[in-house]
Amino acid sequence: MKILILNENIYGTVSGEKTLWSVLAKNLPNCEAIALNDFKEEDLESYIKNNSPDILVFNSILGDIKTPENVKKIVVLQDNFLAMKKVLPGKFRRIISKIIRLGNDFYSLNIKKQKSALLGADLVIAVSRDIADWYRVKTKIIPIGIDMNLFKLMNKESLRGKYNIPLHSFVKIYVGSTHLVKGWDILQKEIENDKDNFYILVFKDGKLPEISFKNVKIFNRVSQTTLAELYNCADIYIGRSRVESLWLTPIEAMFCNVPVDVSRVGIFKDWYPENKNPREEAFKKGLSREEMLLKWNKIIDSL
């Protein structure tokens, strides 16, 4: 059985980090992955026809993909544009409301592609129950798994020294972007009003926000190894996202045994950790990479 995986990028664009797509490509049997940024649409259609995969795995935001009739399509639902479109903050929503009504805004165009892909799928795999409920589609739920050997408990004291983080402060960490969907505007106000705690802010944005607070240290586009160490410098992970499909970063923090204080979106919509032993709770929830691969292999075997 031949498997072909398609996505715009196979590895992450921040530091070439492993992603769902690269991990599946490496661990599923007889599997090949293609980054669509390297292909033209007509070349891709020809490639699929000539190489005859038995199973095609691809991101819903690619829209429906033309294949021979015998090819099984597994569509991965991992971007909640329906929720993003609905919960835009008031000022921003007013600015683009006319465009949204015309249906040619960023969110509407991607939702149209997603629905096309979902309709043509033999099987849909969603990364959380929350996003499956938003799109009202029958799915298998398989969260994106975390590398437990990379994100693990380390020595907090030595790492705070390495990154010049105050040793005796209570440290909060945020990992994400300054996008409104991520709730950066909410979090920024929290930081401004909190003089007692120290904040580690890890951004993936090309342009960094201007922050003059003395109780903040900013990092940008760090490697996964550095990120794991920064989690271990913290006492708690904080996030105020308005929308998430799964929400990987607080789960990564949990595997470093860091408790989380996050909004109820993504996987945290219907599950919230007790924060007594975060790493153990993440394991029990089935959020390790090994558990993810077990579920994916069962899916492939069933087809």
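Above this text you will find the structure in question.
Here we summarise the structure given alongside this text.

### Notes on the overall build of the chain
Per the secondary structure count, the chain includes 12 helices and 11 strands. By the compact-globule yardstick of 19 Å for 303 residues, the chain fits well, its C-alpha radius of gyration being 20 Å. Considering only C-alpha atoms, the chain reaches an extent of 60 × 45 × 35 Å along its principal axes. Here the chain holds 303 residues, and 50% of them are scored as buried. At a minimum sequence separation of 6, the contacts of the chain that also span at least 24 residues come to 62%. Per element, the accessible surface of the chain, about 15,300 Å² overall, is 49% carbon and sulfur. Positive and negative side-chain charges of the chain, numbering 46 and 37 respectively, have mean locations separated by a distance of 4 Å.

### Observations regarding the sheet that holds strand S9 (residues 216-220)
Strands sit in the order S9-S8-S7-S10-S11 across an open sheet of 5 strands; the sheet is parallel. The outermost strands of the open sheet, each flanked by one partner alone, are S9 and strand S11 (260-262). Within this sheet the neighbouring strands show an average axis-to-axis angle of 20°, counted without direction. The pairing of strand S7 (residues 171-176) with strand S10 (residues 236-239) spans 2 bridges and is parallel. Bridging across to S10, Ile173 finds its partner in Tyr237. Helix H8 (residues 184-192) contacts S7, strand S8 (198-203), S9 and S10 of the sheet and is inclined by roughly 155° relative to S8.

### Description of unusual backbone geometry
Even without a glycine there, the phi angle at Ser52 is positive, about 45°. Exposure remark for Ser52: the relative accessible area of 43% places this residue in the partly exposed category.

### Quick look at helix H9 (residues 224-233)
Of all 10 residues in H9, 8 are buried, a share of seventy percent or more. For H9, every residue scored as buried is listed here: Thr226, Leu227, Ala228, Glu229, Leu230, Tyr231, Asn232 and Cys233. In this structure, the buried side of H9 is in contact with helix H7 (156-162), S7, S8, S9, S10 and helix H10 (248-255).

### As for the environment of Glu244
Inspection of the secondary structure puts Glu244 in the loop between S10 and H10. Through-space distance from the C-alpha of Glu244 to that of Val265 is 5.6 Å; in sequence the pair is 21 residues apart. In contact with Glu244, not counting residues within four places along its chain, are Asp130, Lys182, Val265 and Gly266. A polar contact is formed between the side chain of Glu244 and the side chain of Lys182, at a distance of 2.8 Å.

### Section: the packing of helix H1 (residues 20-27) against helix H12 (residues 289-302)
Packing of H1 against H12 brings their axes to within 11 Å, and their N-to-C directions diverge by 60°. Along this stretch, H1 crosses H12, giving a crossing that reads as right-handed. Of the residues in H12, those in contact with Leu20, Val23, Leu24 and Asn27 of H1 are Arg289, Met292, Leu293, Trp296 and Asn297. Of the residues that constitute the contact of H1 with H12, the class distribution is 6 nonpolar, 2 polar and 1 charged.

How each quantity is defined
- Residues numbered from 1 in each chain as written.
- Predicted model: local features only at pLDDT ≥ 70, side-chain atom pairs only at ≥ 80, totals over all residues.
- Heavy atoms only, no water.
- Helix = DSSP H or I, 4+ residues; strand = E, 2+ residues; numbered from the N terminus.
- Rg over C-alpha atoms; globule rule 2.2 N^0.38 Å.
- Buried < 20%, exposed > 50% of the residue type's maximum accessible area, 1.4 Å probe, protein only.
- Contact = heavy atoms within 4.5 Å.
- Areas by Shrake-Rupley, 256 points an atom, 1.4 Å probe, with all protein chains shown as cover.
- Lys, Arg positive; Asp, Glu negative; His and termini not counted.
- Charge placed at Lys NZ, Arg CZ, Asp CG, Glu CD.
- Pairing = 2+ DSSP bridges.
- Axes fitted to C-alpha atoms, helices over the stretch in contact; angles between N-to-C directions.
- Polar contact = N/O pair within 3.5 Å; in protein donor to acceptor, adjacent residues only side chain to side chain.
- Left-handed = near helix turned anticlockwise from the far one by under 90°.
- Nonpolar A, V, L, I, M, F, W, Y, C, P; charged D, E, K, R; others polar.

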